[in-house]
Each structure stands twice: as C-alpha cells, then as structure tokens.
Amino acid sequence: MRLPFLVFILFAFHLGHSQKYPRDYFRSPMDIPLYASGSFGELRGNHFHSGLDLKTNQKEGLSVYSAADGYVSRIKISEGGYGKALYITHPNGYTSVYAHLKKFEGSIAEYVRKKQYAQKSYEIELFPQASDLVLKKGDQIALSGNSGSSGGPHLHFEIRDTKTEQIINPLYFGFDILMPDAVLPVINGLMVYAVNDSSVVNKSQRPIPVNLSLQKDGNYLADKVYAKGNIAFAVNTYDQADKNYNWNGIFKAETFLNGSKLFGYQFEKFAFDETRYVNNFIDYHRYKTIGQTVQKLFFKRRYPFSVVSGNVTNGQITVYPGTTLNYRIEISDFHGNKRVINIPIQYSEAESTIPKTEVKTPYFVKSKNDNNYTKDNVSVFIPANAFYDDFYMNFDVKDNVLYLHDDTVPVHQNLTVTFDVSGIPNLNREKTFISRMDGSKKEFFTTTKKGNLFSARTKDLGKFFLEVDTIAPRIYRPNFAEGANLDKYDSISIHISDDLSGIKEYNAYLNGKWILMEYDYKTKTLVHFFSDAVYDAEKNELKVVVSDKMGNSAIFETHFFKTKT
C-alpha cells in the first residue's frame, strides 16, 4: 500500500514545480542521456551559473538540436564567455540558449560565415530577422564544443523569458524527468558567526566551524552552540545525482527556528544584473583566503537579489538570556531529496577568548554613501553600494603605487582609480595604462586619458600602478613549414600571444584577401579552414597581423602551395 502513496507524492511534487511552466514543450538539445556537470544557480567566480552544463561524453562534435519550433534571434561569437552561442526565440514566450559550440550547422553556418567576411571579424554579434533562420523542433543547429571560457567539452543550455530576459531553471520545463536524481545532497561542513560586535558564539567573535554527527536517518545533529547576541550560520554543501558524481549546486535551502520558517531561497530564476550578488551570497573572505565556499544563510544588510528578497527576516538569530533554541537547516535538490541539520542553541554569558581581527584605519567606508579618497597623485571614487557592508579600508599611496585594501573584500560596482601623471617625467603616455597585480600577473585595465589624468574602472581591490607596454605580440609556430605543399591539409593554424596588455586585434590575408581565422585564447591558436575556399591554386602568400591593446603590432609572412579542388 505504500507504493501508490509514494507515486502520488512524487507526482504532486513534480506538479507543484510545473504549475508556472510548460513541461512537455521542449525536447532535449542532444540525443544522449543527460547528465549535468553544472547546475542552475551553481556558485561560480563572480556569478551564479545561468543554465545547465550538459556532459558530452568528454568530447566535442555531438549533434545539437533546436529544443522547439522557433527562429534564431541572436548569434554571438566571442573569444571568451559563451564562445560560439546561439539563441532561439520560441512562440511560447521563451528563448533557448546553446553555448560553447564547436560549429554551427547548415544555413546557420553559412549565414554566420557571410557576415564574418562582410565585417572582417571572427568575433561577431548578429540579430537575424524572424524570417531569416526559421527552425522546427529537432532541427540540427550545431555541434557541441569547448569554445569560449569553457573548462572542457560540454553544452551550456539555458531557457530565458523572452520579454524580461530572466534566466529560468530548465528543470522546471520537464528536464528533471530526463535527469533522474535519487541522491541526497552532501553536507561538508557548518559555520557559525557572531554577527555584531557584542555577540559571542562558542567563546568566539570570529567565524568558527561547528561539529556535525551523522544520524541513522541520514540527517545531522550539530554540537550544542553556546551564544549571546545575534548569531548566524553558513553551510558548505553540494548536490549529486544518479550516475553523476559532479559537485553541483543545490536547489533550495531553508532554515527554521523553533519550527517557524526563518530564512530560505531556491533557484527558480534570476536576472543577469543580479548574478554578481554571488559574492555576498557566500562568505567571500573565507573563499579568498582558504578557497572554501560556504553559503550564508543570512545577510547583514538587505540587498536586492530576488532569490533571497522574499525573506521577512535577515536570517540572524538573537539569543537572549535564559533561552534555549532549536535551529534547523534543510538542504534540498530539485527532485525533493533533502538533508537536515539540527542545531541546539543555548544562551551563555561566556566572554570571547577569540576576538575579532578587524583593524581600524582612518578610512571607514560607509557602503550606502559615495566615498572619495585622495593621497599624493592618486584618487579613488567609490560609488554608493559598491560594497555590501561597511568596513575599515586600507588606503595608501607610495611612489606612484596605490595600495587599495586587498581582494578579500568583494566589490559589486565599479570603483574609479585616477592617477595624476603631471609629476612623472619622461612618461610614455601613449603606451602607459593602469595595471593591478593579480597574483603574480599584471592585469590590464582600459585607461581613459584626459590631460594629465589617467583613470580606470575596476571591481577589484589590491595594488594598482602605471605600466608601460612597448613590446609587440608574438606570432609563432605555424602548423606547416614555409613553402610546404598543403594538399592534404584541411586548415592552417598559427599561435599568437602577448605578455602584458593583451591581444586586441588580429587579421590574416591570403594573397591580399582577408580570411577568417578562428581564435582560441585557451590554446593561443588562430585557425583558418580551407573549406572557406579563399585560397588560390598553387602558391599562396599568407600574412598575419596582430596588435595588442597599446597599439604594438607584429607581422608574420610566409607562403605555401595547395592544389585547388
């Protein structure tokens, strides 16, 4: 008698998810079993993941299909980001997105190639008319790949609301049925925080871990927490699925205090302009200092991230004298698999033996206000809400170098850093830009120059300085020897690189005609395919011109032979 009841419960669960969205409209974008190497809302560097990363058996070249009837409304090819990406608008009010593709197919490929040659650019963004590239559900549109900033072969797949451009979790559209999951989320650890200056938790004012014990029912019991004042928690967690052991993001987190709902969120949808809020969603300092990602179940100051904005409370717990509380955390995936952590909390008068490490400086940043700081020849403008919380900032200038705190504090909006170069003799103004140390590497910033004032916008803190780049890029290691016969080759390739300001532009010519060369920044390779049929019979003169962002250029010339087919 239990089986029918269980089936009813599962049906009701999926029905609850499906009330807003059509669950039988879209087909799978590939004809292979679907496994996710990345989930919707998963925590990434500076952003939430905006779709499903679908595995492609660790290889490129699998057929990709239109998920429903519609038309190609946008095509974008970029060196980084989504690489080769295709957007299909459907008549039901949604748009599907396919990214990191290897190549487009059929009429789409021909359309793109003609536009690239017309604009003489590999990187391109196109907005076809509704009648240009019409598709039926199941039409092949591309081959899967690894283009852009992809870390390995896969298909990035999204569904967006066409009107609002909000990204929606594809599992709501029936893809959960294609991706079965009976595996519970994984709990890796629990952190507790003394939120206010007067708060103490387990004799500490710093964030500290809480021990967990796995119970027979698969849930966790935490060691008792002794506290006073306002405290809060964060959890280190991830999700897995059937036949899939990737560490994917969770779908939902909820907290309860003495049985009443305290705080929660679930990844149904969000807007692109919200995605950087991931830096306030996690314990950013912990992430930057020890590389561990913990998801906060609270916030100090309200911020307009729609995923958490529905909470009545900020997730904090106030522990009064004489109180004993039971705090519960529930972590769930989309299929309803759930882990529970029960945490007993008791009031304690114990004073802190581990004080906060905050160092007070003359520069206290009030995050809700504009802030300006100037010393010597350097100034920094910080707009209101550039930071999530108030803090004491380290700010100093020595020998034309700006020391602006460090990268353990997240920045949400651009700061403006300005150097007055009037007192710097013999400066090569044309080749000078503002740079920042990113680990051991010098980072380039686009620099605006107005008279003696050089300015750059940045969403990072750290060490800033003026840098000069007079060195041209490198063009090297073609895949053929000069004068070689390439009758058996389907393409030519060559490597390019720049060690400072970075590649800005590259152009290649065969016998004086511009040719399309695809650029993969991960391998530093330019590739031209002979299928473009630009080459001449017999001898072909190749010229490659590469420029960096400070105007330094390099030229490479060679020739080869190939019989016209």
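Student: Mind showing me how you'd approach unusual backbone geometry here?
Tutor: It is generally the case that most residues other than glycine have a negative phi and that most peptide bonds are trans. At Asn385, a residue that is not glycine, the phi angle is positive and equals roughly 70°. Looking at the secondary structure, you find Asn385 in the loop between strand E30 (378-382) and strand E31 (391-392). Of the residues examined, Asn385 reaches a relative accessible area of 35% and is grouped as partly exposed. Of note in this structure, Asn511 is not a glycine but carries a positive phi near 55°. With respect to the helices and strands, Asn511 occurs in the loop between strand E42 (503-510) and strand E43 (513-515).

Student: What's the story with the environment of Thr416 in this structure? I'm lost.
Tutor: Positionally, Thr416 belongs in strand E34 (residues 415-420). Judged by relative accessible area, which is 21%, Thr416 ranks as partly exposed. It is 17 Å that separates the C-alpha atoms of Thr416 and Glu467, two residues lying 51 residues apart in sequence. Each residue touching Thr416, except ones within four places of it in the same chain, is listed here: Ser379, Val380, Phe381, Ser455, Ala456 and Arg457.

Student: Teacher, can you tell me more about the sheet that holds strand E41 (residues 491-497) here?
Tutor: Note on sheets: strands pair through backbone hydrogen bonds, and any given pair is parallel or antiparallel. As summarised here, the arrangement of the four strands in space is E40-E41-E45-E44, forming an open sheet in which the pairing is antiparallel. On the outer flanks of this sheet lie strand E40 (474-476) and strand E44 (518-520), each paired with one strand and no other. For this sheet, the mean angle separating the axes of adjacent strands, direction not counted, is 25°. Bridging between E40 and E41 involves three bridges; their strand directions are antiparallel. Bridge pairing in E41 links Ile475 to Ile496.

Student: For this particular structure, what's the right way to read the pattern of salt bridges?
Tutor: Opposite charge on two side chains allows them to pair when their charged atoms are near. Within this structure, the stated rule accounts for 24 salt bridges. Glu330 is paired through a salt bridge with Lys338; the nearest N and O atoms lie 3.4 Å apart. Residue classification places Lys338 among the partly exposed positions, given a relative accessible area of 37%. For the salt bridge of Arg436 with Glu443, the shortest nitrogen-to-oxygen distance reads 3.0 Å. By sharing partners, the salt bridges in this structure join Glu42, Arg44 and Asp53 into a single network.

Basis of the calculations
Residues numbered from 1 in each chain as written. Predicted model: local features only at pLDDT ≥ 70, side-chain atom pairs only at ≥ 80, totals over all residues. Heavy atoms only, no water. Helix = DSSP H or I, 4+ residues; strand = E, 2+ residues; numbered from the N terminus. Buried < 20%, exposed > 50% of the residue type's maximum accessible area, 1.4 Å probe, protein only. Contact = heavy atoms within 4.5 Å. Pairing = 2+ DSSP bridges. Axes fitted to C-alpha atoms, helices over the stretch in contact; angles between N-to-C directions. Salt bridge = Lys/Arg side-chain N within 4 Å of Asp/Glu carboxyl O.

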